[in-house]
Amino acid sequence: KQKTAYEIYQCDWSSVVCSSDLSWTVSPATDLVEGSHPLTAVATDLAGNLSPSSALVTLVIDLTPPDAPVIGSFASPTAAARPTWTGTAEVGATVRVTIGSQVIATGVAGANGAWTATAVSLADGVYGLQVTATDLAGNVSPIAAALITIDTKPPAVPTVQVASTTSPTPLLGGSYDFFDTQLLTVTLNGRTYSSATGAVTLIAAEGRWEFAVPLDR
């Protein structure tokens, strides 16, 4: 039969609004505090007959934003146009990585709080990242910030200046791309020497490298 009035038990609610499609809505008379609120509904017809109580539903009020997500370590500069970030956040929260107003990656914190997010394809450049976590109630965390440099292009090929000499330990050298070179290696007679160990000297101010050929080559 048509139900025309509703009543909510276990809470102090304001009046219920009923619609002709048998749906109803209700707003509390006072603000609910944070926490869990068990709810049941009972329908009363015009003759005063009461329906059985509805199944118990628990309403959770959450007004507290989550903490800022933690961003794990990642490579920067990176040659990956679609870098992946990992970290931790409130369980169940959606983590968004943005550049300006553009969301470039999203992830969801699992049962242990861990999240992973992979970016859309990014052009080479330096980007300021803003990472937030949104909990299940829609509360947004403070921002966690980071910088990343995308560099997918290799440096220019270094040159080698070869000169005839009578020295058994000649000083070899050439030019290199000092804007984009972090490591330079020289291979001589199958043996490799590196700027990382100091065997090859990089003179950035001149864009030049030097290598003193050892006697034990």
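Residues numbered from 1 in each chain as written. Predicted model: local features only at pLDDT ≥ 70, side-chain atom pairs only at ≥ 80, totals over all residues. Heavy atoms only, no water.

Colleague: Looking at this model, I keep getting lost on the pattern of salt bridges. Mind explaining?
Modeller: Within the structure shown, the criterion is met by three salt bridges. The salt bridge partner of Lys153 is Asp124, with a shortest N-O separation of 3.3 Å. With a gap of 29 residues between them, Lys153 in the loop between strand 12 (144-150) and strand 13 (171-175) and Asp124 in the loop between strand 10 (114-118) and strand 11 (125-134) connect regions that are remote in the sequence. You can call Lys153 exposed: its relative accessible area is 55%. (Salt bridge = Lys/Arg side-chain N within 4 Å of Asp/Glu carboxyl O. Helix = DSSP H or I, 4+ residues; strand = E, 2+ residues; numbered from the N terminus. Buried < 20%, exposed > 50% of the residue type's maximum accessible area, 1.4 Å probe, protein only.)

Colleague: In this structure, what is going on with the sheet that holds strand 11? I would like to understand it.
Modeller: Paired through backbone hydrogen bonds, the strands of a sheet run either parallel or antiparallel to each other. Taken together, the four strands give an open sheet; going across it, the order is 9-8-11-12, and neighbouring strands pair in antiparallel fashion. Both edges of this open sheet fall to strand 9 (102-108) and strand 12, since each of them pairs with a single strand only. Adjacent strand axes in the sheet meet at a mean angle of 25° when their direction is disregarded. (Pairing = 2+ DSSP bridges. Axes fitted to C-alpha atoms, helices over the stretch in contact; angles between N-to-C directions.)

Colleague: Can you walk me through the confidence of the model for the protein chain in this structure?
Modeller: In regions of low pLDDT, the predicted coordinates are not meant to be interpreted in detail. This prediction gives the protein chain a mean pLDDT of 88; 88% of its residues lie at or above 70. Throughout residues 1-14 the model reports pLDDT below 50, and contacts reaching past four residues in sequence, or to other chains, amount to 46 contacts. (pLDDT = per-residue confidence, 0-100. Contact = heavy atoms within 4.5 Å.)

Colleague: Mind showing me how you'd approach unusual backbone geometry here?
Modeller: A negative phi angle is the norm for most residues apart from glycine, just as the trans form is the norm for most peptide bonds. With omega at 5°, the peptide bond leading from Ser76 into Pro77 counts as cis. For Pro77, the location among the structural elements is in the loop between strand 6 (70-71) and strand 7 (84-88). One non-glycine residue with positive phi stands out, namely Asn189, at about 55°. By the element assignment, Asn189 lies in the loop between strand 14 (185-188) and strand 15 (191-194). What makes Asn189 exposed here is its relative accessible area of 60%.

Colleague: How should the packing of aromatic side chains be read in this particular structure?
Modeller: Each aromatic ring pair is specified by the distance between its two centres and by the angle formed by the two planes. Under the counting rule described, the total for this entry stands at three aromatic pairs. Their ring planes at 40° and their centres at 4.8 Å tell us that Tyr193 and Phe211 sit as a pair that is tilted. One end of the pair, Tyr193, is in strand 15; the other, Phe211, is in strand 17 (residues 208-212), and 18 residues separate them in sequence. Of the two residues, Tyr193 and Phe211, both sit in the buried class. (Phe/Tyr/Trp six-rings, centres within 6.5 Å; stacked < 30°, edge-to-face > 60°.)

Colleague: How should the environment of His37 be read in this particular structure?
Modeller: Checked against the element boundaries, His37 lands in strand 4 (residues 35-44). Beyond its immediate chain neighbours, meaning those up to four positions away, His37 contacts Leu32, Val57, Thr58, Leu59 and Ile61. Within the structure, the side chain of His37 is placed 2.8 Å from the backbone oxygen of Val33, a separation counted as a polar contact. (Polar contact = N/O pair within 3.5 Å; in protein donor to acceptor, adjacent residues only side chain to side chain.)

Colleague: Would you mind going over the nonpolar core with me for this structure?
Modeller: Side chains of a nonpolar character, in soluble globular proteins, are inclined to be buried together. If you look at the biggest cluster of nonpolar residues, it comprises 21 residues, and the most contacted ones within it are Trp85, Val97, Ile104, Trp115, Leu122, Tyr127 and Leu129. Of all elements in the fold, only strand 8 (94-99), strand 9, strand 10, strand 11 and strand 12 reach the threshold of two or more residues within this core. Not counting chain neighbours up to four residues away, the residues in contact with Trp115 comprise Pro69, Val70, Ile71, Trp85, Thr86, Gly87, Thr88, Ala89, Val95, Val108, Ala109 and Val131. Tyr176, Leu184, Val200 and Phe211 belong to the second largest nonpolar core, which has eight residues in total. (Core = buried A, V, L, I, M, F, W, Y, C linked by side-chain atoms within 4.5 Å.)

Colleague: I keep staring at the sheet that holds strand 7 and nothing clicks. Help me out?
Modeller: Sheet architecture is open: three strands sit in the order 6-7-10, paired in antiparallel fashion. Whereas interior strands pair on both sides, the edge strands pair on one side only; in this sheet they are strand 6 and strand 10. For strand 6 and strand 7, the ladder comprises two bridges, and the chain directions are antiparallel. Pairing of Ile71 across the sheet is with Gly87, part of strand 7.

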